[in-house]
Amino acid sequence: MAALITGIHHITAIAGNPQANIDFYTGVLGLRMVKKTINFDAPDVYHLYFGDELGNPGTVFTTFPFDGARKGTKGTGELTYTAFSIPESSLSFWIDRLAKYNIPASTPLSRFEEKVIRFEDHDGMGIELIANSQDNRTGWTGGNISGENAIKGFYGATLNLKSKELTEKLLTEFMDYKFIAEENGRYRYGTAGKPGDIIDIVLDKNGRQGVQSAGTVHHIAFRTANESTQLEIQKILINNGFHVTEVKDRNYFKSIYFREPGGVLFEIATDEPGFAIDEDEAHLGEALKLPDWAEAQRDKIESRLAKVTLNVNDYE
Ligand code: ZN
C-alpha cells in the first residue's frame with residue numbers, strides 16, 4: 001500500500017509581536033512570507049506562513065502572533081526545537097549571520113554525523129539549523145539570501161517526551177514512519193529518512209511539562225497527498241483509539257487534528273491545493289487574504305490587526 005503520510009507539512013507556533021515575527025523569519029532567516037491571513041478559529045489574530053518560493057509542504061513554518069503574549073516555557077509534551085535544513089558549506093555563513101543580528105547561538109554540535117547550530121527567536125522559540133549534503137530542495141532564493149546559503153525547508157523536529165513507547169507505536173504502526181537510529185537518548189524516525197520528514201524523540205522522564213504560549217510550538221502537521229488519503233488515515237487513527245477531529249477546510253489545505261500520546265498536538269494536512277489558489281505566485285504573502293466566510297467582515301478584521309510591513313530590504 002502506498003504511504004499515507006510522507007513527512008512534515010507545516011509547523012505552527014505561537015509568537016508575540018507580529019512585526020518582530022515577520023522581520024525575524026523573512027529578514028534574518030530569509031524565508032518567504034507566502035501567506036498573510038487570519039487564524040480561522042480566532043479571526044482577531046494573524047496567521048502568517050513562511051516557507052520556500054511556493055510554500056511547498058515540508059518548508060512552511062507558521063505563526064499565530066499575539067502582541068504582548070506571555071512567554072511559554074519549553075518542557076515535556078512539546079515540540080521544543082524546529083530544525084531547518086541548510087547546505088553543508090553554509091555553516092560559517094549562518095554563524096556569522098546570527099552574530100551580526102546579535103542572536104546568541106550554540107557552537108556547532110555534532111548529531112548523527114552532521115553539524116547543528118541551536119538558537120532561539122525573539123520569543124524564545126527553539127530553532128536549529130542542520131548542515132547537511134543530502135537535501136536537493138532549493139529553498140527561497142528570491143529574497144535576501146542566495147541559493148548557496150538559503151534554508152531549504154525543514155530538516156525535522158524534536159519532540160520532548162516523558163516516554164516514547166506509545167508515540168513510537170503511533171508513528172511507526174499508523175503513520176508510515178520507521179525508526180532510523182538512536183544517539184545519546186535521541187531517537188530518530190523518518191518516512192524516507194530525509195530532510196523534511198525527520199522526527200526526533202528526546203526522552204526527559206523527569207522533566208516538567210511545557211507551558212504553551214509565545215515562543216512555543218502549537219502543533220505539527222504531517223503531510224498526506226489529498227482528501228482521499230486523508231480520510232484513509234483518519235479512519236486508521238479512529239479505529240486505533242485516537243480522538244480525531246472532522247476534516248477542517250484551511251483554504252490552502254484540509255486538516256484533521258488529534259493529540260499524540262506524549263501530549264503534542266498533531267495535524268494531518270493535504271498537499272493540495274497550496275498557497276497559489278488565491279493570489280499570484282509572484283505576489284504571495286503581500287495582501288491580507290481572508291477565507292470567503294470572513295470577507296463580509298474584512299473592515300472590522302483589518303481594523304483589529306496591527307499594521308505590518310515586509311522589511312526584508314533592511315536585512316542584507
Ligand atoms: Zn496547522
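This one's a predicted model, so the numbers in the text were calculated from it and none came from an experiment.

How each quantity is defined
Residues numbered from 1 in each chain as written. Predicted model: local features only at pLDDT ≥ 70, side-chain atom pairs only at ≥ 80, totals over all residues. Heavy atoms only, no water. Helix = DSSP H or I, 4+ residues; strand = E, 2+ residues; numbered from the N terminus. Buried < 20%, exposed > 50% of the residue type's maximum accessible area, 1.4 Å probe, protein only. Donors = N, O, S within 2.8 Å, 3.2 Å for Na, K, Ca; no water.

Details of unusual backbone geometry
For the bond from E272 to P273, the omega torsion is -5 degrees, close enough to zero to count as cis. Examined against the element boundaries, P273 turns out to sit in the loop between β16 (265–270) and α5 (292–295). Here N102, not a glycine, exhibits a phi torsion of approximately 55 degrees, which is positive. Within the secondary structure, N102 is located in the loop between α2 (91–100) and β6 (109–111). With relative accessibility at 69%, the residue N102 sits in the exposed group. We note that N251 has phi near 70 degrees; this positive angle belongs to a residue other than glycine. Structurally, N251 is set in the loop between β14 (248–249) and β15 (254–259).

Observations concerning the coordination of the zinc ion
Within the protein, the zinc ion binds to H10 (NE2), H219 (NE2) and E267 (OE); these donor distances fall in the range 1.9 to 2.0 Å. In primary sequence terms, the donor set of the zinc ion follows H-x208-H-x47-E. In this pair, H10 is assigned in strand β1 (residues 8–15) and H219 in strand β13 (residues 216–224), connecting sequence segments 209 residues apart. Given the relative accessible area of 2%, H10 is considered buried. Given the relative accessible area of 5%, H219 is considered buried.

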